[in-house]
Amino acid sequence: MEVHQVLVAASAADAITNAALDLQDELRCLGPSEIFARHVDPLLAGRVHPIDRYSRHTSSKGADLIVYHASIGEPSVFSFLHQRPEPLALIYHNISPSKHWAPYDSTFAALLDTGRDELAALASRAELAVAVSEFNAGELRSLGFRNVVISPLVVDTVALRSVRPDKTMADYLSCLDGPVFLFVGQILPHKRPDWLLSAYHVLVTYLEPGAHLVLIGMDRLRSYRQALDAYIAELNLNGAHMIGRVSDESLAACYRAADVFVTASEHEGFCAPLIEAMSFDVPVLARAYGAIPETTAGAGLLLEPEDSPLVAAEAMAVLAREESVRAELVRRGRRRIRELDPTVGRTILLGHLRSVGA
């Protein structure tokens, strides 16, 4: 069975790209399987191929199935999917609302809107639509997809925990006095690191002066990153550390050093870092948006959407100080990790794909 995957963009340390790479290992047990993308991070050269080279890596009769990871619009990828004769299965990771991007990058905001239009147009083309959460599944059904199944995102926490932590990063973090609050995710408007910085400002001003906020993740939007840097400087937030993209070794060091994992994201189709944090016994604080309540499943402390940064600061202080609260969240996190066994997740997803690719 020959199955190939298609992404709009493949980037190192990106959750969607990691999911495709993880799935590729399973698909190669069935037969030839490659990954193609319109935009390929140079770090992934050789592992992910440009989509215009698809025919070089497939048999003359074509593959048995194309698996498309949908997350943003891209006309050339959409055209490719419509032109190819192979059966199509779609894995929907979610498309961020354009309203968060419009003030910073109108072109990218338009791509998000295009992506949602393209997604709806693929409803009649796809023989199977896989959603990583019920939140995503509901959107697919509303767009006209009929054969919709749910298969939670596979997050290989065992692999991440087995990585040897980077010594330089570990030493850097060990020098931070006071509780360490960690955010992991792309530095993008819908993730709301600006809102998180507001909460942190209240925290260090009134509740925990020695606290540190470490933000890990690629900043893909220069104007937004510049706005965050200006905000940090204006509020004199010396304990806010914008580190950027890191290796798995450095990421493991960050999780091991963190006292609390925090996110202010307002749109998530799953949110893998929540699960990664739980696997390191780090208590989770998040906002109840999108699929976050599904992903945490009672294993995190969730703020209501209408809660302000002041409420978040108070919750951060509680998680830094109250050992009984922390212990209970760690216990629930371990339970959630067991529920999301990646081996079971891979088997479920592979079964769904084989049902349409046979």
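Cut-offs applied
- Residues numbered from 1 in each chain as written.
- Predicted model: local features only at pLDDT ≥ 70, side-chain atom pairs only at ≥ 80, totals over all residues.
- Heavy atoms only, no water.
- Helix = DSSP H or I, 4+ residues; strand = E, 2+ residues; numbered from the N terminus.
- Rg over C-alpha atoms; globule rule 2.2 N^0.38 Å.
- Buried < 20%, exposed > 50% of the residue type's maximum accessible area, 1.4 Å probe, protein only.
- Contact = heavy atoms within 4.5 Å.
- Lys, Arg positive; Asp, Glu negative; His and termini not counted.
- Salt bridge = Lys/Arg side-chain N within 4 Å of Asp/Glu carboxyl O.
- Pairing = 2+ DSSP bridges.
- Right-handed = clockwise from strand over helix to strand, strands pointing away.

Q: Account for the overall build of the protein, naming residues and giving values.
A: Tallying secondary structure elements over the protein gives 14 helices and 13 strands in all. For the protein, whose C-alpha radius of gyration is 21 Å, the value lies close to the compact-globule estimate of 21 Å for 358 residues. Overall, the C-alpha framework of the protein stretches about 65 × 40 × 40 Å when taken along its three principal axes. For the protein, with 358 residues in total, the buried portion stands at 56%. For the protein, the proportion of contacts with a sequence separation of at least 24, taken over those separated by at least 6, is 70%.

Q: How would you summarise the environment of Ser151 if you had to cite specific residues and measurements?
A: As for its position among the elements, Ser151 is in the loop between strand S7 (148-150) and helix H5 (157-162). Along the primary structure Ser151 and Glu134 are separated by 17 residues, whereas in three dimensions their C-alpha atoms are 9.2 Å apart. Every residue in contact with Ser151, bar those within four places of it in the chain, is listed here: Val130, Ala131, Val132, Gly345, Ile348, Leu349 and His352.

Q: How would you summarise the side chain of Glu118 if you had to cite specific residues and measurements?
A: Tracing the backbone shows Glu118 in helix H3 (residues 106-121). Arg38 provides the closest opposite charge to the buried, unpaired Glu118, separated from it by 11 Å. Residue contacts for Glu118: discarding those within four places in its chain leaves Ile72, Gly73, Glu74, Pro75 and Phe78.

Q: Describe in detail the pattern of salt bridges, supporting the description with residues and values.
A: Charged atoms that come close allow side chains of opposite charge to pair. Enumeration over the complete set of coordinates arrives at 21 salt bridges. Ionic pairing is found between Glu266 and Arg192, a salt bridge with its closest N-O pair at 2.7 Å. Residue Glu266 is found in the loop between strand S11 (260-262) and helix H10 (272-279), and its partner Arg192 is found in the loop between strand S8 (180-184) and helix H7 (193-207); the two are separated by 74 residues along the sequence. One continuous salt-bridge network, built from bridges that share partners, spans Arg192, Asp194, Glu266 and Arg287.

Q: Break down the pairing of strand S2 (residues 35-40) for me, citing the residues and quoting the values.
A: When strand S1 (residues 3-10) meets S2, the two strands line up parallel, connected through five bridges. Opposite Val6, over in S2, you have Phe36 as the bridge partner. Crossover S1 to S2 through helix H1 (residues 15-27) is right-handed. Summarising the sheet, S2 and strand S3 (residues 49-50) pair through two bridges and their orientation is parallel. Within S3, the position partnered with Ala37 by the bridge is Pro50.

Q: Got a sec to walk through the environment of Glu314? Specific residues and values, please.
A: Relative to the elements of secondary structure, Glu314 occurs in helix H12 (residues 309-321). For Glu314, a relative accessible area of 51% puts it in the exposed group. Along the primary structure Glu314 and Arg141 are separated by 173 residues, whereas in three dimensions their C-alpha atoms are 38 Å apart.

Q: I'd like to hear about the pairing of strand S5 (residues 88-92), residue by residue, with values.
A: The two faces of a sheet get side chains in turn, since along a regular strand they alternate between them. Counting buried positions along S5 gives five out of five residues, so the element sits mostly inside the fold. The side-chain alternation of S5 yields two buried faces, one formed by Leu88, Leu90 and Tyr92 and the other by Ala89 and Ile91. Alignment of strand S4 (residues 65-70) against S5, held across five bridges, turns out to be parallel. Looking across to S5, one finds that Val67 is bridged to Ala89. Regarding topology, helix H2 (residues 75-83) serves as the crossover connection from S4 to the parallel S5, and that connection is right-handed. Where S5 meets strand S6 (residues 126-131), five bridges bridge the pair, whose relative direction is parallel.

Q: Tell me about the sheet that holds S6, and please be specific about residues and values.
A: Ordered in space as S3-S2-S1-S4-S5-S6-S7, the seven strands form an open sheet in which the pairing is parallel. If you trace the sheet from one side to the other, it starts and ends with S3 and S7, each paired once.

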